[in-house]
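Here is what each chain is made of, one letter per residue.
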Amino acid sequence: MSATKTSVEQQEFVRWVQAVEPERRREEALALDALFRATSGFAPRIWSGGMVGYGAYDYTYASGRSGTWFATGFAPRKAKLSIYIMPGYADFGSILDRLGPHSMGKSCLYITRLARIDMDVLGELIAAGLEDLGRHWPVRAEV
């Protein structure tokens, strides 16, 4: 069985975010951090692959694969912002309809520009994702 390759890095958010390029993505990362902190109540942790996670949960699938992953978070990618609503069990269509322009993956939401979405609705989505996750796996503050 393969191990999860993504892990928590020993890097502070403040230092990490200073290196985010371009500047617009750095500003968006700071805005997202404020929203994720306020909504989740968790401090950010930097994960390998340039992801910022808030909270954590331990999982064990029916296959026996297990691990630890962040409960919610984001990654300021060059082309798009990736918003992680884990693990993607629920249908959040009624919230997503009010969000603004976005595309989706299984547990990931892609946003081109943060200014084009409704931040209050994104906060609602983050809270709904954490609530849904908590029904499947216990969520905690630290990894």
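Residues numbered from 1 in each chain as written. Predicted model: local features only at pLDDT ≥ 70, side-chain atom pairs only at ≥ 80, totals over all residues. Heavy atoms only, no water.

> Would you mind showing me how to read the overall build of the chain here?
Regarding its fold elements, the chain presents 4 helices and 7 strands. Residues counted as buried form 44% of the 143 residues belonging to the chain. A fraction of 57% describes how many contacts in the chain between residues 6 or more apart in sequence connect residues 24 or more apart. Total accessible area on the chain stands at roughly 7,500 Å², and carbon and sulfur atoms take up 51% of it. (Helix = DSSP H or I, 4+ residues; strand = E, 2+ residues; numbered from the N terminus. Buried < 20%, exposed > 50% of the residue type's maximum accessible area, 1.4 Å probe, protein only. Contact = heavy atoms within 4.5 Å. Areas by Shrake-Rupley, 256 points an atom, 1.4 Å probe, with all protein chains shown as cover.)

> For this particular structure, what's the right way to read the environment of A75?
You can see A75 is positioned in strand β3 (residues 66–76). Overall, the relative accessible area of 0% leaves A75 in the buried class. Taking C-alpha positions, A75 is 8.8 Å from G53, a pair spaced 22 residues apart along the chain. Dropping the residues within four chain positions of it, A75 is found in contact with G50, M51, K80, L81, S82 and Y84.

> In this structure, what is going on with helix α2 (residues 23–40)? I would like to understand it.
Think of an α-helix as turning once every 3.6 residues; residues three or four places apart then point the same way. The end-to-end C-alpha distance of α2 is 25 Å, a good match for the 26 Å that 18 residues give at a rise of 1.5 Å each. Of the residues making up α2, those classed as buried are R25, R26, E28, A29, L32, D33, L35, F36 and S40. Two residues or fewer past α2, G41 is found with a positive phi of approximately 80°. (Expected span 1.5 Å × (residues − 1).)

> How should I be thinking about unusual backbone geometry in this particular structure?
Note: most peptide bonds trans; most residues except glycine with negative phi. For the bond from E21 to P22, the omega torsion is -5°, close enough to zero to count as cis. Topologically, P22 is positioned in the loop between α1 (13–18) and α2.

> Any chance you could explain the pattern of salt bridges here in plain terms?
Opposite charge on two side chains permits them to pair, given that their charged atoms come into close proximity. Per the counting criterion, the structure on display carries 9 salt bridges. Note that R25 is salt-bridged to E28, the shortest N-O span being 2.5 Å. Taken together, the positions of R25 and E28, both in helix α2 and 3 residues apart, correspond to about one turn of that helix. Between R37 and D33 there is a salt bridge, with the nearest N and O atoms lying 2.9 Å from each other. Of this pair, R37 and D33 both sit in helix α2, separated by 4 residues, roughly a single helical turn. Here the salt bridges share partners, and the residues they tie into one network are R24, R25 and E28. (Salt bridge = Lys/Arg side-chain N within 4 Å of Asp/Glu carboxyl O.)

> Got a minute to help me understand the environment of D97 in this structure?
Mapped onto the elements of the fold, D97 is located in the loop between α3 (93–96) and β5 (103–104). As for D97 and V8, which are separated by 89 residues in sequence, their C-alpha atoms are 33 Å apart.

> What exactly am I supposed to notice about helix α4 (residues 119–136) here?
The end-to-end C-alpha separation of α4 is 26 Å, in line with the 26 Å expected for 18 residues at 1.5 Å each. Buried within α4 are the following residues: V121, L122, G123, L125, I126, A128, G129, L130, D132 and L133. One side-chain oxygen of the residue at the start of α4 lies 2.9 Å from the amide nitrogen of D120, identifying that residue as D118. (Polar contact = N/O pair within 3.5 Å; in protein donor to acceptor, adjacent residues only side chain to side chain.)

> How should the environment of D91 be read in this particular structure?
Among the secondary structure elements, D91 is positioned in the loop between β4 (81–85) and α3. In this structure the side chain of D91 is engaged in a polar contact, spanning 2.9 Å, whose partner is the backbone nitrogen of G93.

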